[in-house]
Amino acid sequence: MGANTSQVSDLSENQSLRTLIGTESISDNDPFWNQLISFTFISPTSSGNSKLLEEAVIPLAKILIENNPRTGNFGALVRIFLGRTKELKISTECQDQLFIWQAHNTLFMIRCLLKVFIREMTEEELHLQFSYQERVPGSCDTGSEVLLEELMCNLVHLVVEVPLLDITYSILFEAVTTMLVLLSYQLFHKEILRDGLIYQYLMKGRCLSLTSQLVKTLLYNFIRQEKCPPPATHIFEQQSDGGGLLYGLASGVASGLWSVFALGGAGSKPGLDQEQNPLPLSNQSLLLLLVLANLTDGPNNCPNPYRQAVTCFKNTQDTSSIPTEQHHMFQINFNSLYTALCEQQRSDQATLILYTLLHQNTNMRTYMLSRTDMENLVMPILKILYHVEDRNSHHVYMALIILLILTEEDTFNRSIHEVVLKNITWYSERSLTEISLGSLLILVVIRTIQFNMTRTRDKYLHTNCLAALANMSAQFRCLHQYAAQRIISLFALLSKKHNKILEQATQSVRGLRRADYAQDLNVIEEVIRMMLEIINSCLSNSLHHNPNLVYALLYKRELFEQFRTHPSFQDIMQNLETVIGFFSQRLEAAGTDLSVERVQEVIMKGAQALPKDRLKKFPELKFRYVEEDQPEDFFIPYVWSLVFNSGVGLNWSPTGIELFSMDSG
């Protein structure tokens, strides 16, 4: 086998690898390294092939862990990589594919080994694996240099300095992926990590000065959405002089590990996994950005610099001066970022970065709210909520909170009713040939509430849905007939549920069950109160704009009778009674057997005639989203669950994962 290894299962027999992990030290300038790192390989992008690869690497890595204290060969491998990264930018400019290719191969090997090391040992023990020095004459002396920190800094430099081209795509992907692997200690701890060697290297030291550049580069990787170049980009032709520096693939020397490892792994259909993960660098960069932005603040309230960079960057078209007190400030093209955010909302991580920017970056939020094509952003969010049964709960929460943040702004609440949409094909309950974005938003949120009432019964979900509707209610304009019907239908459903709980509570004789029903009754009455306030807010502020809601209210007026004298609803019911009574009189005066068109005409005229002072004023309904006191307890496990489930080419066995349960989400 040896140099002609072509299957992952043959790795254990590969002579070059046996030498690396063996008991003999290898000098940094030994020709062996050139042979070891000269193989043709494309990182696997599917979880299945990543799993096969990891299973093959684990036993080899464990032998290296045992022998490395005496040989220092792992440190030598890292130094080989560091030596090549120093020339990487020049190599890119000169189109020196050999250099980039070998640097990629070296980093790929380091990443595979590190992934096993991190699972097997503490950070302190990992640091020792980097520190062991081989004692062969001719080896480099790193002196007091901390090799692990040197690797971290080199990876950051590589990501921010090497331009993204077809020939550099793979090594940039490896650099981002290796950083994720180095940060993956969090997966194996239930508690949130707030310190540690790798954390310190990123938060302080030489990496700190590159914070804004790293965040900017990761964002641009997400924005550019570059597809993985075709495998041919990575296959090197034999030089015309018979081999030259490439050692000639035909000679077999360049096949130190695998002769060809097709995209996604040996034996897979060519291009299959590329179709499944066509944007590995974009995906991985976004995951790394989310991990960095959600690291906890340091000791003594030292702020996370990556979060600072995410929260304060500005538009490239913003010419105002940058405040001197704002650290890690940079500028980025907001139009390009907005477009990418609109296009990529299928994934949890894209929704989470949208939430992060809306919630934490006031410049970006102001820009988004000023857009005249807001439907491009809102529609993908509505689709997430519409397909609620296919999404995990965290993704649904994020989508709802995004809507809640948007509805805090009256300009948004007004503008969405001015956007008219045609033929919403994904909304299957009813044909919607023409509807405003505002009415569609109401329909989807109400559907989410109804789904939640019958399935998950999540109070947090209810609260956020109702808060978004409440924020919008004063600005409801020209509600679609179906949207108006659904508002009243939801109230009917709540009323029915209220009566059922009331009946059960009355019949219950056991004290414990009665207490349960009393609690259920309290919750349902809170929701009913909220719905009445939403209807009242619309009638009080924009009755003449919403004849369809008045029509639906009159059609189902008997629903509200039972709540007229209820102490929890008496005050709010006064306005609804006034409206129902006023329009009922006008309809009676107009005669019997009225057509739908005639009823609507009476309502339209009546809406202009109803004196506004007849309706009692209530405080404006406004809800604001506020993060929990310790948001990291939610966000860090969530972000790492995304890395675990959708990191490209990364496979972790569920055994040993402590941060979250495998069925969470």
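Here the structure is a predicted model, which means the values were calculated and not measured.

A. Local environment of the environment of M203. Position of M203 relative to the elements: it lies in helix α10 (residues 197-203). Judged by its relative accessible area of 9%, M203 falls in the buried class. In the structure, M203 is positioned 103 residues away from Y306 in sequence and 8.4 Å away in space, judged by C-alpha atoms. Once residues within four sequence positions are removed from consideration, M203 is found in contact with L208, L295, T296, N304, P305 and Y306.

B. Representation of empty space enclosed by the protein within the structure. Counting across every chain of the model gives 6 cavities of 30 Å³ or more. Of the pockets and cavities examined, the largest cavity occupies roughly 210 Å³. Along its surface, the largest cavity is lined by 18 residues, and L183, Q186, L193, Y199 and L295 are the ones closest to its centre. Among the secondary structure elements, those contributing two or more residues to the lining of the largest cavity are α10 and α28 (632-646).

C. Region of interest: the packing of helix α16 (residues 348-360) against helix α19 (residues 393-406). Direction vectors running N to C along α16 and α19 enclose 30 degrees, while the axes themselves pass 9 Å from each other. It follows from the interaxial angle that α16 and α19 lie roughly parallel. The crossing of α16 and α19 is left-handed. From α16, D348, T351, L352, L354, Y355, L358 and H359 reach across to α19, where they touch H395, M398, A399, I401, I402, I405 and L406. Here the contact of α16 with α19 is composed, by residue class, of 10 nonpolar, 3 polar and 1 charged.

D. Fine view of unusual backbone geometry. One non-glycine residue, Q225, adopts positive backbone phi at about 50 degrees. Inspection of the secondary structure assignment puts Q225 in the loop between α11 (211-224) and α12 (272-276). Relative accessible area serves as the criterion here: at 13%, Q225 is assigned to the buried category. Notably, C478 is not glycine yet its phi reads approximately 45 degrees, a positive angle. Take C478: it is sitting in the loop between α22 (459-473) and α23 (481-507).

E. Focus on the packing of aromatic side chains. Scanning the model with the defined rule gives 21 aromatic pairs in all. With 4.6 Å between their ring centres and 15 degrees between their planes, F491 and F560 make a pair best called stacked. Of this pair, F491 sits in helix α23 while F560 is found in the loop between α25 (547-555) and α26 (570-589), placing the two residues 69 residues apart along the sequence. Geometrically, the ring pair formed by F634 and Y638 is tilted, given 5.7 Å between the ring centres and 45 degrees between the ring planes. One end of the pair is F634 and the other is Y638, both in helix α28 and 4 residues apart, which spans about a single turn. Y638 sits in the buried class, given a relative accessible area of 2%. Following the ring pairs from residue to residue traces out a cluster consisting of F313, F330, F334, Y338 and Y367. Across from the ring centre of Y386, 4.0 Å away, lies the NZ or CZ of R447, which sits over that ring.

F. Representation of the packing of helix α15 (residues 334-343) against helix α17 (residues 362-370) within the structure. In contact at an axis separation of 11 Å, α15 and α17 are set at 75 degrees when each is read in the N-to-C sense. Here α15 lies roughly perpendicular to α17, going by the angle between them. Contacts between α15 and α17 involve F334, N335, L337, Y338 and L341 on the former and, on the latter, N363, M364, Y367 and M368. Partitioned by chemical class, the residues of the contact of α15 with α17 number 7 nonpolar, 2 polar and no charged.

G. Local environment of helix α18 (residues 375-386). The terminal C-alpha atoms of α18, which comprises 12 residues, lie 15 Å apart, in line with the 16 Å expected from a rise of 1.5 Å per residue. Counting buried positions over the 12 residues of α18 gives 9, a clear majority of the element. Looking only at α18, the buried set comprises L377, V378, M379, P380, I381, L382, I384, L385 and Y386.

H. Spatial organisation of the layout of surface pockets. Reported here for the largest pocket is a volume of approximately 560 Å³. In terms of lining, the largest pocket is formed by 19 residues, of which the most central are M453, R457, K497, I501 and I524. At the level of secondary structure, the elements contributing two or more residues to the lining of the largest pocket comprise α21 (437-454), α22, α23 and α24 (511-542). It is α23 that provides the largest number of residues to the lining of the largest pocket, a total of 7 residues. Class assignment for the residues of the lining of the largest pocket results in 8 nonpolar, 4 polar and 7 charged.

I. Quick look at the nonpolar core. Counting 227 residues, the largest nonpolar core has L114, F117, L126, M364, L440, I487 and F560 as the members making the most contacts within it. Sequence-distant contacts of M364, defined by excluding residues within four places in its chain, comprise F313, F334, L337, Y338, L341 and L357.

J. Local environment of the pattern of salt bridges. For the structure on display, the rule yields 20 salt bridges. Between K622 and D410 there is a salt bridge whose closest N-O contact spans 3.0 Å. On the criterion of sequence distance, the pair formed by K622 in the loop between α27 (596-609) and α28 and D410 in helix α20 (residues 410-415) is long-range, its members being 212 residues apart. Since its relative accessible area comes to 32%, K622 is described here as partly exposed.

Rules used in this analysis
Residues numbered from 1 in each chain as written. Predicted model: local features only at pLDDT ≥ 70, side-chain atom pairs only at ≥ 80, totals over all residues. Heavy atoms only, no water. Helix = DSSP H or I, 4+ residues; strand = E, 2+ residues; numbered from the N terminus. Buried < 20%, exposed > 50% of the residue type's maximum accessible area, 1.4 Å probe, protein only. Contact = heavy atoms within 4.5 Å. 1 Å grid on protein atoms, 1.4 Å probe; cavity = no way out; pocket = protein on both sides within 12 Å on 5 of 7 lines; lining within 4 Å. Points joined across faces, edges and corners; volume = space filled by probe spheres on them. Axes fitted to C-alpha atoms, helices over the stretch in contact; angles between N-to-C directions. Parallel < 35°, antiparallel > 145°, perpendicular 65-115°, else oblique. Left-handed = near helix turned anticlockwise from the far one by under 90°. Nonpolar A, V, L, I, M, F, W, Y, C, P; charged D, E, K, R; others polar. Phe/Tyr/Trp six-rings, centres within 6.5 Å; stacked < 30°, edge-to-face > 60°. Lys NZ or Arg CZ within 6 Å of the ring centre and 35° of its normal. Expected span 1.5 Å × (residues − 1). Core = buried A, V, L, I, M, F, W, Y, C linked by side-chain atoms within 4.5 Å. Salt bridge = Lys/Arg side-chain N within 4 Å of Asp/Glu carboxyl O.

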